Amino acid sequence: MSTLSPSPPDDTWALGDLTVTRVGYGAMQLAGPWVMGPPADRDGAIAVLRETVDLGITHIDTSDAYGPRITNQLIREALHPYPESLRIATKVGAARDEQGGWPTARRPDQLRRQVEENLESLGVDALDLVHLRLGNAEGPQAGSIAEAFETLVELQSQGVIGHLGVSNATAEQVVEAQGIAPIVSVQNMFNLAHRHDDGLIDRLALERIAYVPFFPLGGFSPVQSSALSAVATRLDVAPTSVALAWLLHRSPNILLIPGTSSITHLRENVAAARLSLAEEDLAELDEIGRE
């Protein structure tokens, strides 16, 4: 039987000159259904954000497109003025339509406006980290990112962006971005069942660049596997704890941003960082992505 502590791990990672806990928090689920509109329980959302900081988490991931503008407003209401150690990462490159879709918005004027909106809604003079969201709702899409990424580099030179990253990117687009300006993180879909970025993760680890998996538990279709259930039963923990712990074991440059609107689930997610997986556990779990 495993014993889990609600304390965050001692592990940290450097995003440029920003130090963050490897276990962070993703704010997407604080908005209403399908990431549209306000939460049903606004006080509960505020409580989750405050508990996040109380647990020692120093990395919150958000976007002004969530809601839209809802999660950033909640973060500001709950945590402003922000603790000195807290780092907030956001994303630009996508808008929302009335049907809840995610149309691309990567023209220079659109990106500048999104950065301004993030600054305003978060109540800051500069954004710690901005990811350029690429591709579309179906996943990464090939193509040059130069014009869009250079726009963010220009804003970085003006002092309103601290560090840059890319999200929903192909490996080739990561290389293209690096040829334009330094990046500190890549945010792509990755979990036990979706392992297409294995090679990219290993390369980024050598370069000391963070890899931040979104949908670390499978997103709207949670990871389900007999092997995952077997390991979780053997360790007497929830399958979600095992799935998150596996990601932390996978590579030292992986940072977690699991989202939840529940304090109980938040504590469970943080506790997963204390879960130790034996070699036989890891070997069994590694087979899931090859099933």
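Residues numbered from 1 in each chain as written. Predicted model: local features only at pLDDT ≥ 70, side-chain atom pairs only at ≥ 80, totals over all residues. Heavy atoms only, no water.

A separate point is the packing of helix 2 (residues 70-79) against helix 3 (residues 108-122). Two numbers describe how helix 2 lies on helix 3: the axes approach to 8 Å, and their chain directions differ by 35°. Along the contact surface, helix 2 presents Asn72, Gln73, Ile75 and Arg76, while helix 3 presents Asn118, Glu120, Ser121 and Leu122. (Axes fitted to C-alpha atoms, helices over the stretch in contact; angles between N-to-C directions. Helix = DSSP H or I, 4+ residues; strand = E, 2+ residues; numbered from the N terminus. Contact = heavy atoms within 4.5 Å.)

With 77 residues, the main nonpolar core has Leu152 and Val166 as its most contacted residues. With seven residues, the single largest contributor to this core is helix 8 (residues 239-250). In this structure Leu152 touches Val92, Leu111, Val115, Val130, Leu132, Ile161 and Leu164, once residues within four positions along its chain are discounted. Listed in part, the eleven residues of the second largest apolar core include Ala89, Leu129, Val184 and Ala210. (Core = buried A, V, L, I, M, F, W, Y, C linked by side-chain atoms within 4.5 Å. Buried < 20%, exposed > 50% of the residue type's maximum accessible area, 1.4 Å probe, protein only.)

Another point: the sheet that holds strand 9 (residues 210-214). Ordered by their spatial adjacency, seven strands build an open sheet running 3-4-5-6-7-8-9, and the pairing between neighbours is parallel. With one partner strand each, in any of the chains shown, strand 3 (25-26) and strand 9 form the two edges of the open sheet. Helix 3 rests against strand 5 (87-92), strand 6 (127-133) and strand 7 (161-167) of the sheet, and its axis sits at about 150° to strand 5. (Pairing = 2+ DSSP bridges.)

Evaluation of the coordinates by the stated rule reveals 14 salt bridges. The partner of Asp11 in a salt bridge is Arg22, with the nearest N and O atoms 3.2 Å apart. Of this pair, Asp11 sits in the segment before strand 1 (12-15) while Arg22 sits in the loop between strand 2 (18-21) and strand 3, and the two are eleven residues apart along the sequence. Its relative accessible area of 41% is what places Asp11 among the partly exposed residues. By relative accessible area, which is 5% here, Arg22 ends up buried. Residues Asp198 and Arg195 are paired through a salt bridge, measuring 3.2 Å at the closest nitrogen-oxygen approach. Asp198 gets classed as partly exposed once you look at its relative accessible area, which sits at 21%. The class for Arg195 is buried, based on a relative accessible area of 14%. (Salt bridge = Lys/Arg side-chain N within 4 Å of Asp/Glu carboxyl O.)

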